[in-house]
Amino acid sequence: MSFLDFAKTPPMGWNSWDSYGASVTEAEVKGNADYMAKNMKEFGWEYIVVDIQWSEPTADSTRYHPFVPLCMDEYSRLIPAENRFPSSANGKGFKELGDYIHSLGLKFGIHIMRGIPRQAVHQNTALKGTDKRARDIALNNICPWNSDMYGVNVDMPEGQLYYDSLLELYASWGVDFIKVDDIADSKLYKSAHHKEIAAIRKAIDKTGREIVLSLSPGPAAIGDGAFLQDNANMWRMTDDFWDHWRSLYAMFERAAKWAPFVRPGNWPDCDMLPLGHIGIRAVDGGGGDNWTRFTHDEQITLMSLWTIMQSPLMFGGELTDLDPWTLKLITNEQVLKMYKELNYQRQVYRDRTWVVWKAKSETDQYVAIFNTSDEEKQVDASIMSNIVPLEEEVLNLWENEKITLSNQTLPAHGALLIKL
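Residues numbered from 1 in each chain as written. Predicted model: local features only at pLDDT ≥ 70, side-chain atom pairs only at ≥ 80, totals over all residues. Heavy atoms only, no water.

> Looking at this structure, I do not really get the sheet that holds strand S5 (residues 138–139). What am I missing?
Adjacent strands of a sheet form backbone hydrogen bonds with each other and so pair up, either parallel or antiparallel. Across the sheet, which stays open at both edges, the three strands sit in the order S4-S6-S5 with antiparallel pairing between neighbours. The two strands at the open ends of the sheet, each matched to only one other strand, are strand S4 (116–117) and S5. Relative to strand S6 (residues 149–152), S5 is paired through two bridges, and the arrangement is antiparallel. Bridge pairing in S6 links leucine 139 to glycine 151. (Pairing = 2+ DSSP bridges. Helix = DSSP H or I, 4+ residues; strand = E, 2+ residues; numbered from the N terminus.)

Now the structure itself:
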């Protein structure tokens, strides 16, 4: 089986970063998993992903703590911090948490950083399956924003062996999804870490387990598109995305460039959905412990772009206090049916006010119309008449009602998603 079969439709799930940064706990992960199983699973939401720093006992916010001790096993592999993930005690790792998530009919994911722990290199600890030690395979190839890791020399057989041992461990925990960070784009080295991406691909394949591979951060280089298709299921085409209109507006250009690389098993990633209650323990950046700053119209625009482009949907907000409006937005059956069935999509028009996408599945055709201006606008007949019939009835997917475009007005930063 090809790894492309692991994600025949775009992955949909929850990731802990937007709410908890580096500090999520086992109880919080379980609470979100319980909510997803009860309220979202039937609509295709299935992944529960524990983001960065799960091996750090002192993590308490979105801020990283440089050079702090991490929890590690005898083979230089990071393991969960017991004070945050009590079920990991006695060397069990994430096995019990993974089993719990699987018992709900969901899938389990984790975040890792590229490389081998810095503390393993400094202590020159052992590697599984070889007499070589951590210092022998380490490269002074670091992440500029997180101090935890050195790179791995995968030109050495023992470097590949180290990644093999990591994925063997994760597979034993029941991991279904791995988000690898500091790998798709490097702010320090100005390119993707191609050799380590290929090594991780090989290591996943050796486990025999269906593990979706997601690469971060972005923006990935468009010139790497074919390479990324050959090695990963998802890759970020943007840096961290937050709830600001300027970030959403910038996504139109990125999505248009990456749309030709969308295919079953390969999903260029617009990043997580900063919706609902986010930033619960945020201390840096634009805000903290707030509801999304996107207006309702901007949220409809976001979801319309992500779904017609078929970006993965990873919800970032705390699910257990999700408001009814947002739950309805992310469980719209007509929109999600389109999202899962598309086999082609492209941006077909753009100016300073309007952006238009067309898409199709085996049986249906769809159009998304975006008003990116700061004012309410009536649909421009001179533009749209060459793209979509203005007088024919079409289905407004968000409202599940028949409309004609000739008399439609879109709010500022708003969108209309229709089936022809």
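> Would you take a moment to explain the state of the cysteines for this structure?
A covalent bond bridging the sulfur atoms of two cysteines is what the word disulfide describes. As enumerated under the stated definition, the model contains zero disulfides in all. With no disulfide of its own, cysteine 71 has cysteine 143 as its nearest cysteine by sulfur position, at a separation of 20 Å. Assessed through its relative accessible area of 6%, cysteine 143 is described here as buried. (Disulfide = S-S within 2.5 Å. Buried < 20%, exposed > 50% of the residue type's maximum accessible area, 1.4 Å probe, protein only.)

> Mind showing me how you'd approach the side chain of glutamate 196 here?
Structurally, the position occupied by glutamate 196 is in helix H7 (residues 194–207). Residues in contact with glutamate 196, not counting those within four places in the same chain, are Arg114, Gly115, Gly151, Val152, Val154, Tyr163 and Ile183. (Contact = heavy atoms within 4.5 Å.)

> Any chance you could explain the side chain of glutamate 26 here in plain terms?
Note that glutamate 26 resides in helix H2 (residues 26–39). Given a relative accessible area of 5%, glutamate 26 falls into the buried group. Among the polar contacts made by the side chain of glutamate 26, one reaches the side chain of serine 87 at a distance of 2.8 Å. Leave out the neighbours within four places in its chain, and glutamate 26 touches Arg84, Phe85, Pro86, Ser87 and Leu97. (Polar contact = N/O pair within 3.5 Å; in protein donor to acceptor, adjacent residues only side chain to side chain.)

> For this particular structure, what's the right way to read the sheet that holds strand S19 (residues 401–403)?
Read from one edge to the other, the open sheet built from six strands follows the order S14-S15-S16-S21-S18-S19, with strand pairing classed as antiparallel. Of all strands in the sheet, those with a lone pairing partner are strand S14 (344–350) and S19, marking the two edges. Going from strand to strand, the sheet's axes swing by 30° on average, the running direction of each strand aside. Bridging between strand S18 (residues 394–396) and strand S21 (residues 415–419) involves two bridges; their strand directions are antiparallel. In the sheet register, leucine 395 faces S21, and the bridge partner there is lysine 419. Against the sheet, helix H9 (residues 245–258) contacts S14, strand S15 (354–360) and strand S16 (365–371), and its axis sits at roughly 125° relative to S14. (Axes fitted to C-alpha atoms, helices over the stretch in contact; angles between N-to-C directions.)

> Can you walk me through the UniProt feature "domain: Alpha galactosidase C-terminal" (unreviewed entry) in the protein chain in this structure?
Residues given the UniProt feature "domain: Alpha galactosidase C-terminal" (unreviewed entry) here are residues 353–420. Each end of residues 353–420 is marked by a C-alpha atom, and these two atoms are 23 Å apart; helix forms 6% of the span and strand 43%. (UniProt positions renumbered as here; feature names shortened; annotations may be inferred.)

> I would appreciate a short explanation of the packing of aromatic side chains in the present structure.
Aromatic rings considered in pairs are described by the distance between their centres and by the relative angle of their planes. For the structure shown, the criterion picks out 17 aromatic pairs. Ring geometry for tyrosine 47 versus phenylalanine 177: centroids 5.3 Å apart, planes at 50°, classification tilted. Of this pair, tyrosine 47 sits in strand S2 (residues 47–50) while phenylalanine 177 sits in strand S7 (residues 177–181); the two residues are 130 residues apart in sequence, bridging distant segments of the chain. Accessibility assignment for this pair places tyrosine 47 and phenylalanine 177 in one class, buried. Seen in terms of ring centroids, phenylalanine 85 and phenylalanine 94 are 5.1 Å apart; in terms of plane orientation they differ by 85°. Their pairing is edge-to-face. One aromatic cluster in this structure is built from Trp54, Phe85, Phe94, Phe108, Tyr170 and Trp173. Lying over the aromatic face of phenylalanine 3, arginine 201 brings its terminal NZ or CZ to 4.0 Å of the ring centre. Cation over ring: arginine 350 sits above tyrosine 249, and NZ or CZ is 5.0 Å from the ring centre. (Phe/Tyr/Trp six-rings, centres within 6.5 Å; stacked < 30°, edge-to-face > 60°. Lys NZ or Arg CZ within 6 Å of the ring centre and 35° of its normal.)

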